[in-house]
Amino acid sequence: MREPGSVLQTMRKLLFIIMGFLIFSAFQQREDAAIMNAHVKAIFLYNFTKQIEWPSDYKSGNFVIGVYGTYVTLLNELNKMASTKTAGTQKFEIKEITSIESAAKYHILFVSSDKMAQFAEITSKLKGHGTLLVTEKEGMTKKGSAINFVVVDSKIKFQLSKTNAEKQQLKVSRDLEAFAVKEND
């Protein structure tokens, strides 16, 4: 027969193991969700290349997608995509951006939510440069973003400001307009 203290000690160890497993499972689920969200956003970004027309001087050289902010999973997904896909005849070039330079040439610039405090500076530096600005925070199409990712009914969707895209000399297809969700007023 076991001592009451040893039974209690065994139960504590078992509870500790179960708690560790539950915490690990929760972290794994969050990581899996983050990878899936990044994968979906990468697919959207790729499909935007088919539905938007850039100025003629953007139709040669590499097709540059910049990611400004901390978003490692999106960078990984975009690099995977770039290894097998192209934007028409242009190869993808994925850049992790650490500072915005007004002379830089990006076809698409994704600005992560951790860089929203600098968004006015970003839009100012890239004004009229033919860059599709893509964000992921509610209300950003009202502040200059052409496309903004949102979650609707637990699914990633996007809002579109055709006006902001046209300010960047971009032509948006009707199909892209049809798939966009309306921004809340």
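As the structure is a prediction and not an experimental result, all values here were calculated from the model.

Caption draft 1: Representation of helix α2 (residues 72–82). Buried residues of α2: L74, L75, E77, L78 and M81, and no others. Each buried residue of α2 lies within a common arc of 165 degrees when the element is viewed along its axis, so the set occupies one face. When the buried face of α2 is taken as reference, the exposed residues oriented beyond 90 degrees from it are V72 and K80.

Caption draft 2: Local environment of the side chain of Q90. Mapped onto the elements, Q90 comes out in strand β4 (residues 90–97). Classification of Q90 by relative accessible area gives buried; the value is 9%. Once residues lying within four places of it in the same chain are set aside, the contact partners of Q90 are Y58, K59, S60, G61, N62, F63 and H107.

Caption draft 3: Spotlight on the environment of Y68. Along the polypeptide, Y68 turns up in strand β2 (residues 63–68). Sequence separation of Y68 and K115 is 47 residues, and the distance between their C-alpha atoms is 7.3 Å. With near-sequence residues (within four places) excluded, Y68 lies in contact with I97, T98, S99, I100, L109, F110, V111, S112, K115, Q118 and I122.

Caption draft 4: Local environment of the packing of aromatic side chains. Under the definition given, this model contains 10 aromatic pairs. Ring plane angle 20 degrees and centroid distance 6.2 Å describe the contact between F48 and F149, whose orientation is recorded as stacked. Residue F48 is found in helix α1 (residues 4–51), and its partner F149 is found in strand β7 (residues 147–152); the two are separated by 101 residues along the sequence. Exposure class is identical for F48 and F149. Each is buried. Between F48 and F158, the aromatic rings sit 5.2 Å apart at their centres with planes inclined by 75 degrees, giving edge-to-face as the arrangement. Here F48 is found in helix α1, whereas its partner F158 is found in strand β8 (residues 155–160), with 110 residues between them in sequence. Taking the ring centre of Y46 as reference, the NZ or CZ of K85 above it sits at 5.4 Å. Against the face of Y58 rests K105, its NZ or CZ located 4.6 Å from the ring centre.

What counts as what
Residues numbered from 1 in each chain as written. Predicted model: local features only at pLDDT ≥ 70, side-chain atom pairs only at ≥ 80, totals over all residues. Heavy atoms only, no water. Buried < 20%, exposed > 50% of the residue type's maximum accessible area, 1.4 Å probe, protein only. Helix = DSSP H or I, 4+ residues; strand = E, 2+ residues; numbered from the N terminus. Arc of directions from axis to C-beta. Contact = heavy atoms within 4.5 Å. Phe/Tyr/Trp six-rings, centres within 6.5 Å; stacked < 30°, edge-to-face > 60°. Lys NZ or Arg CZ within 6 Å of the ring centre and 35° of its normal.

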